Amino acid sequence: MLNGICFTVSAQLSNAGFEAWDSASVVNGVKIYNPLNWYSRNTEMVGIGKTSPVSLTTDAHTGSYAVKITTKLDDGDKSAGMLASGNNPPGEPSKSQYEDKFKLTGRIKSYSGWYKYTPASAMDSFVIMIAFYRNGQSYGSAYYTGGATSVYKQFVWALTYPDNIPMADSARFLVYSSSYQNNTGTELILDDMDVQYKTPTGIDEVSQTSLVVYPNPVTDRINLFGVPPKIRAIIIANSQGIKVKELLENEGSVDVSDLEQGFYWLILEDENGIQSTVKFSKV
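Since the model is a prediction, treat every value here as computed from it, not as a measurement. (Residues numbered from 1 in each chain as written. Predicted model: local features only at pLDDT ≥ 70, side-chain atom pairs only at ≥ 80, totals over all residues. Heavy atoms only, no water.)

K.L.:
Before we go on, may I ask you to explain the nonpolar core in this structure?
P.N.:
Side chains of a nonpolar character, in soluble globular proteins, are inclined to be buried together. By size, the foremost hydrophobic cluster in this structure holds 32 residues, and its most contacted members are Tyr111, Phe132, Phe173 and Leu190. Breaking this core down by element, the ones donating at least two residues are strand S5 (66-70), strand S10 (108-117), strand S11 (125-134), strand S13 (153-158), strand S14 (170-176) and strand S15 (187-197). Tallying contributions element by element places S15 first for this core, with five residues. The residues contacting Leu190, other than those within four sequence positions of it, are Phe18, Ala66, Val67, Ile69, Trp114, Tyr115, Phe155 and Val175. Membership of the second largest hydrophobic core comes to 15 residues, among which are Ile222, Leu259, Tyr264 and Phe280. (Core = buried A, V, L, I, M, F, W, Y, C linked by side-chain atoms within 4.5 Å. Buried < 20%, exposed > 50% of the residue type's maximum accessible area, 1.4 Å probe, protein only. Helix = DSSP H or I, 4+ residues; strand = E, 2+ residues; numbered from the N terminus. Contact = heavy atoms within 4.5 Å.)

Written out as structure tokens, the structure is:
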């Protein structure tokens, strides 16, 4: 059986719509509101007598809530608000920003979300950082800067990668309310963030072979030609990347009569975990 395989085109970060909040934490008599599954500096700041840089807002793009990240001026100390992906269980202090990294199932094609500033000024600009990891070690980072807007606007950050480097296995997503720390009082509102992969199976990572399936389109049974040696599993995933069938033996053909009409991915995995992928349609 295959373990930990996720065939998804889009993988939304946990609580990326900011609908779930922790209101159970209290620091120095002040109730702290943190979005669940995200790390903020709220506990740290309130613990030293300052105000929370991250707060709940009902000014949402969709749903009931969004997150507001504020650049603060507290006792002369100017600081951009920061929010990072990570676990924050109800009633517990925010954990280290280096815990609970987001597991990757392919190279990230783009990172998107909706944002606005209130109030907005020409100086407003936020910064997003993606910190990549491989085998638990730091593996590089990338940065994106977005400009000011007073109405909700979508950002779409397309990522590119150096040639011939292995794929990272996890990542952290950090958002800073302002790239200008002297622009105090600026309030960045974020909602509906999402991660998109290059293909449903991370096809940029798979080996390219002479694998052919026929007939294509198919009605009942699809035949396989050019199958790599030592195949341990044959998987079929639908166009959304959801696994619908798995076989542990190669008989040279696969019965697809039970599949609904549409496009599918046929994925072969060998004993080393190397995948070969081909697309077909069921009619």
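K.L.:
How should I be thinking about the environment of Ala60 in this particular structure?
P.N.:
Within the fold, Ala60 resides in the loop between strand S4 (54-57) and S5. Along the sequence, Ala60 and Tyr152 sit 92 residues apart, while their C-alpha atoms lie 8.9 Å from each other. Not counting chain neighbours up to four residues away, the residues in contact with Ala60 comprise Tyr65, Ala66, Tyr152 and Asp191.

K.L.:
What exactly am I supposed to notice about the sheet that holds strand S16 (residues 212-214) here?
P.N.:
Sheet strands pair via backbone hydrogen bonds, and the direction of the pair is either parallel or antiparallel. Judged by pairing direction, the sheet is antiparallel, and its three strands sit side by side in the order S16-S17-S20 without closing on themselves. If you trace the sheet from one side to the other, it starts and ends with S16 and strand S20 (253-255), each paired once. When strand polarity is set aside, the average angle formed by the axes of neighbouring strands in this sheet is 25°. In this sheet, strand S17 (residues 221-225) lies alongside S16 in antiparallel orientation, the contact comprising three bridges. By the bridge assignment, Val212 is partnered in S17 with Phe225. (Pairing = 2+ DSSP bridges. Axes fitted to C-alpha atoms, helices over the stretch in contact; angles between N-to-C directions.)

K.L.:
So what exactly am I meant to see when it comes to the sheet that holds S5 here?
P.N.:
Strands sit in the order S4-S5-S15-S10-S13 across an open sheet of five strands; the sheet is antiparallel. Every other strand in the sheet has two partners, leaving S4 and S13 as the edge strands with one partner each. Between one strand axis and the next, the sheet turns through 35° on average, direction left out of account. By the bridge criterion, six bridges tie S10 to S13 in an arrangement that is antiparallel. Considered in S13, the bridge of Tyr115 is made with Lys153.

K.L.:
What is the right way to look at the pairing of S11 in this model?
P.N.:
Each regular strand shows side chains that alternate between the opposite faces of the sheet. Counted residue by residue, S11 has nine buried out of 10 residues, so it is predominantly covered. From the end of S11 to the start of strand S12 (residues 137-147), which pair antiparallel, there are two residues, and Asn135 there has a positive phi angle of about 55°. Of the strand pairs in this sheet, S11 and S14 are connected by seven bridges, and their pairing is antiparallel. Across the sheet, Ile128 pairs through a bridge with Val175, a residue of S14.

K.L.:
Is there a simple way to explain the layout of surface pockets in this structure?
P.N.:
The gaps of empty space that remain are located by a probe, the size of a water molecule, rolled over the atoms. Quantified by volume, the second largest pocket comes out at close to 180 Å³. For the lining of the second largest pocket, the element with the most residues is S12, which contributes four residues. Counted by class, the lining of the second largest pocket contains 11 nonpolar, four polar and one charged residues. (1 Å grid on protein atoms, 1.4 Å probe; cavity = no way out; pocket = protein on both sides within 12 Å on 5 of 7 lines; lining within 4 Å. Points joined across faces, edges and corners; volume = space filled by probe spheres on them. Nonpolar A, V, L, I, M, F, W, Y, C, P; charged D, E, K, R; others polar.)

K.L.:
Just checking my understanding: could you explain the packing of aromatic side chains for this structure?
P.N.:
Aromatic ring pairs are defined here through the distance separating the ring centres and the angle between the ring planes. In the structure shown here, the tally under the stated rule is 12 aromatic pairs. Seen in terms of ring centroids, Phe18 and Trp38 are 5.3 Å apart; in terms of plane orientation they differ by 40°. Their pairing is tilted. Here Trp38 lies in strand S3 (residues 38-40) and Phe18 lies in the segment before strand S1 (21-27), a separation of 20 residues in the sequence. Residue classification places Phe18 among the buried positions, given a relative accessible area of 0%. With a relative accessible area of 0%, Trp38 lands in the buried category. On the basis of an interplanar angle of 70° and a centroid distance of 5.7 Å, the ring pair of Phe102 and Phe173 is categorised as edge-to-face. One end of the pair, Phe102, is in strand S9 (residues 102-103); the other, Phe173, is in strand S14, with 71 residues separating them in the sequence. (Phe/Tyr/Trp six-rings, centres within 6.5 Å; stacked < 30°, edge-to-face > 60°.)

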